[in-house]
Amino acid sequence: MSISYYNNMNVNYNMINEKICLKVKFERLKKGFSQEELALKANISRNTIWKIETGKASPTVETLAKIAQALEIEFSVLTDISKVDL
């Protein structure tokens, strides 16, 4: 599918990113991890976790996969934004 197909769907990419960022924070807190603990387990910087959780950075698929593995959850848990209210 072309990019124009997705653009015609009126997808709000900023809202999607914001919801994914909220899911990262929610799942981290659910596990009882600090940002530092998650960063160490995921082998990424604490600053990256902070940027993701505050919406200052959009996580890559690779970063989300590392976070999911560190949290011992399925990748799809972080990307299922159907139940996230802003």
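Residues numbered from 1 in each chain as written. Predicted model: local features only at pLDDT ≥ 70, side-chain atom pairs only at ≥ 80, totals over all residues. Heavy atoms only, no water.

### Describing the environment of phenylalanine 33
- Its place among the elements puts phenylalanine 33 in the loop between helix H2 (13-31) and helix H3 (35-42).
- The buried category is assigned to phenylalanine 33, whose relative accessible area is 17%.
- For the pair formed by phenylalanine 33 and leucine 71, sequence separation is 38 residues and the distance between their alpha carbons is 8.8 Å.
- When residues no more than four places from it in sequence are discounted, the contact partners of phenylalanine 33 are Arg28, Leu38, Lys41, Ala70 and Leu71. (Helix = DSSP H or I, 4+ residues; strand = E, 2+ residues; numbered from the N terminus. Buried < 20%, exposed > 50% of the residue type's maximum accessible area, 1.4 Å probe, protein only. Contact = heavy atoms within 4.5 Å.)

### Here's the deal with helix H5 (residues 61-71)
- For H5, the full list of buried residues reads Thr63, Leu64, Ile67, Ala68, Ala70 and Leu71. The arc enclosing the buried residues of H5, seen along the axis, measures out at 165°, which places them on a common side. For H5, the exposed residues lying more than 90 degrees away from the buried face are Val61, Glu62 and Gln69.
- Each element contacted by the buried residues of H5 is listed here: H2, H3, helix H4 (46-53) and helix H6 (75-79).
- Looking one or two residues past H5, glutamate 72 carries a phi angle of roughly 60°, positive in sign. (Arc of directions from axis to C-beta.)

### A closer look at the packing of H2 against H5
- One way to put it is that H2 packs onto H5 with a least axis distance of 10 Å and a crossing angle of 20°. The angle between H2 and H5 places the two elements in the roughly parallel class. Like other packed secondary-structure pairs, H2 and H5 cross with a definite hand, here left-handed. Residues Ile20, Val24, Glu27, Arg28 and Lys31 of H2 pack against Leu64, Ile67 and Leu71 of H5.
- Counted by class, the contact of H2 with H5 contains 5 nonpolar, no polar and 3 charged residues. (Axes fitted to C-alpha atoms, helices over the stretch in contact; angles between N-to-C directions. Parallel < 35°, antiparallel > 145°, perpendicular 65-115°, else oblique. Left-handed = near helix turned anticlockwise from the far one by under 90°. Nonpolar A, V, L, I, M, F, W, Y, C, P; charged D, E, K, R; others polar.)

### Quick look at unusual backbone geometry
- Not every positive phi belongs to a glycine, and asparagine 43 is a case in point at roughly 60°.
- Examined against the element boundaries, asparagine 43 turns out to sit in the loop between H3 and H4.
- Residue asparagine 43 is classed as exposed on the basis of its relative accessible area of 64%.
- At glutamate 72, a residue that is not glycine, the phi angle is positive and equals roughly 60°.
- With respect to the element layout, glutamate 72 can be found in the loop between H5 and H6.

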